[in-house]
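Secondary and tertiary structure notes
Listed below are the residues making up each chain.
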Amino acid sequence: MAPYGTDDRATAAAEEPGAARGGRRRAAARYAVPATVVGLAAATIGIVPALADSGDPDLPEISAQQLIEKIAASDTQQLSGTVRINTDLGLPDFGGLAGGFGGGAGASGDGSSADPSAKVAELATGRHTLRVAADGPERQKISVLEDAAEYSLIHNGKDVWGYDSKSNEVYHATSDEQGRQDERGADDFSGTPKDFAEQALKAVDSTTSVTVDGSVHVAGRDAYKLLIKPKQSGTTVGAISIAVDAKTGVPLKFTLTPKSGGAAVVDAGFTQVSFAKPAASTFDFTPPKGAKVTEGGDREHAKGDGPAKGLPEHMLPVPGGDAAKGDGPKVLGEGWNAIATFDTGARGGVPSGSEVGGDLGGFLDSLGDKVSGKFGKGTVFSTRLVNALITDDGKVYVGAVTKDALVKAADAGR
């Protein structure tokens with residue numbers, strides 16, 4: 001069913017007692033849903049509740065504001081299940097170049113194929129099946145099922161283990177005394193609907209329409225559908241749909257579709273889920289006999305969420321983020337039209353395929369389009385969602401925006 005529009009009535013949250021609102025905000029902080037999203041004005045959030053379509057679960061009426069609060073207040077810490085994730089950025093086939101772009105053994109500095117940083121990029125394209133389990137903040141496990149092989153990442157207390165059964169390699173790191181994981185630990189390797197939903201909700205501001213779009217069955221459970229749509233015209237993001245478990249408030253399915261239409265860019269959802277406590281043995285791990293073990297050390301986790309949590313940092317713009325405060329690239333524009341820009345200092349632009357030659361030259365030509373403007377000349381590298389302009393004088397402009405928006409930004413910032 002189509003989403004209902006916004007309403008100018010005061011939100012239910014605004015009428016709650018202060019203590020109740022404070023409790024919800026504390027829960028929001030704990031589960032990474034920003035308190036500013038929970039307290040958004042009615043101009044941003046659709047207040048009119050959605051009703052179930054025929055055949056969908058017959059659930060009580062709920063507004064988008066209440067549904068976001070339900071996500072924020074969720075205290076579910078124990079679950080297990082299977083997640084299917086499909087990512088389609090529209091990248092060309094890397095073919096024999098794959099080994100040179102961070103995949104497989106030797107991709108990380110320590111050379112271990114079991115290092116999580118060597119596996120993160122693999123989830124950025126194609127279809128994957130994950131088995132996930134969690135028992136509070138100290139025990140989590142994610143396994144990526146492959147053809148005749150499996151990669152597992154286990155966090156159990158102070159230990160973080162990565163195991164690649166194909167190569168029989170093990171990566172081991174430890175948490176410090178405050179429980180912060182290795183800087184390439186389990187929190188940098190995630191792909192559950194909850195991870196995607198948290199990142200998407202950070203992008204919700206006055207440039208966004210948020211409504212409830214009916215209900216749906218996901219993994220045998222009743223869920224509400226939260227629909228997030230940019231109001232701005234320059235973004236490549238069409239819509240984001242989040243199926244939220246009606247009982248627990250846990251996101252069960254996340255779908256991001258591009259404005260250009262076609263298949264979803266990201267489609268991640270549970271096919272089976274249980275909220276029972278997983279067996280303690282789920283998180284036990286002992287390196288198999290003969291496995292090569294690489295120690296990752298004991299390092300304090302890098303501050304900030306960074307580009308982890310399932311999506312590249314600029315795939316979903318985060319208004320008011322660290323970059324906007326001067327701690328990173330300069331940000332032009334706002335909301336979904338935000339463009340990050342920085343100067344590499346390199347001159348001469350991106351070489352053409354004819355200049356490079358071979359497979360790499362063909363790869364560059366397949367990705368890039370030559371453009372020009374008041375800024376001079378440059379090359380735009382495009383996916384179905386994120387586009388980047390590299391100018392011949394070394395400046396980079398990147399965001400979930402159209403090619404024309406990048407050129408305009410470069411012209412304005414020349």
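The structure this text deals with has already been given above.
Report follows, based on the coordinates.

Calculation notes
- Residues numbered from 1 in each chain as written.
- Predicted model: local features only at pLDDT ≥ 70, side-chain atom pairs only at ≥ 80, totals over all residues.
- Heavy atoms only, no water.
- Helix = DSSP H or I, 4+ residues; strand = E, 2+ residues; numbered from the N terminus.
- Buried < 20%, exposed > 50% of the residue type's maximum accessible area, 1.4 Å probe, protein only.
- Contact = heavy atoms within 4.5 Å.
- Pairing = 2+ DSSP bridges.
- Axes fitted to C-alpha atoms, helices over the stretch in contact; angles between N-to-C directions.
- Core = buried A, V, L, I, M, F, W, Y, C linked by side-chain atoms within 4.5 Å.

Right, let's get into the overall build of the chain. Secondary structure assignment for the chain yields 7 helices and 18 strands. When each of the 414 residues of the chain is scored for burial, the buried share is 46%. Here the analysis covers contacts within the chain between residues at least 6 apart in sequence; of these, 62% occur between residues at least 24 apart.

Moving on, we come to the sheet that holds strand S18 (residues 395-399). Pairing within the open sheet is antiparallel, and its 6 strands lie in the order S13-S14-S18-S17-S16-S15. Pairing within the sheet leaves two strands with one partner each, and these edge strands are strand S13 (330-332) and strand S15 (368-373). Strand-to-strand, the axes of this sheet are offset by a mean angle of 25°, without reference to chain direction. Here strand S16 (residues 376-382) pairs with strand S17 (residues 387-391) via 5 bridges, running antiparallel. Directly across from Thr 379, in S17, lies its bridge partner Ile 390.

Structurally, the position occupied by Pro 288 is in the loop between strand S11 (266-274) and strand S12 (292-295). In this structure, the C-alpha to C-alpha distance between Pro 288 and Ser 165, residues 123 residues apart in sequence, is 9.4 Å. Aside from chain neighbours lying at most four places away, what touches Pro 288 is Tyr 163, Asn 168 and Val 170.

Among the nonpolar cores identified, the biggest contains 55 residues, and Leu 130, Leu 226, Ile 228, Ile 240, Ile 242 and Phe 254 are the most heavily contacted of them. Residue contributions to this core peak at 5 residues, all from strand S9 (residues 237-245). Filtering out sequence-adjacent residues up to four positions away, Phe 254 remains in contact with Pro 193, Phe 196, Ala 197, Ala 200, Ile 240, Ser 241, Ile 242, Val 266, Asp 267 and Ala 268. Of all hydrophobic cores here, the second largest spans 12 residues; its members include Phe 375, Tyr 397, Ala 405 and Leu 406.

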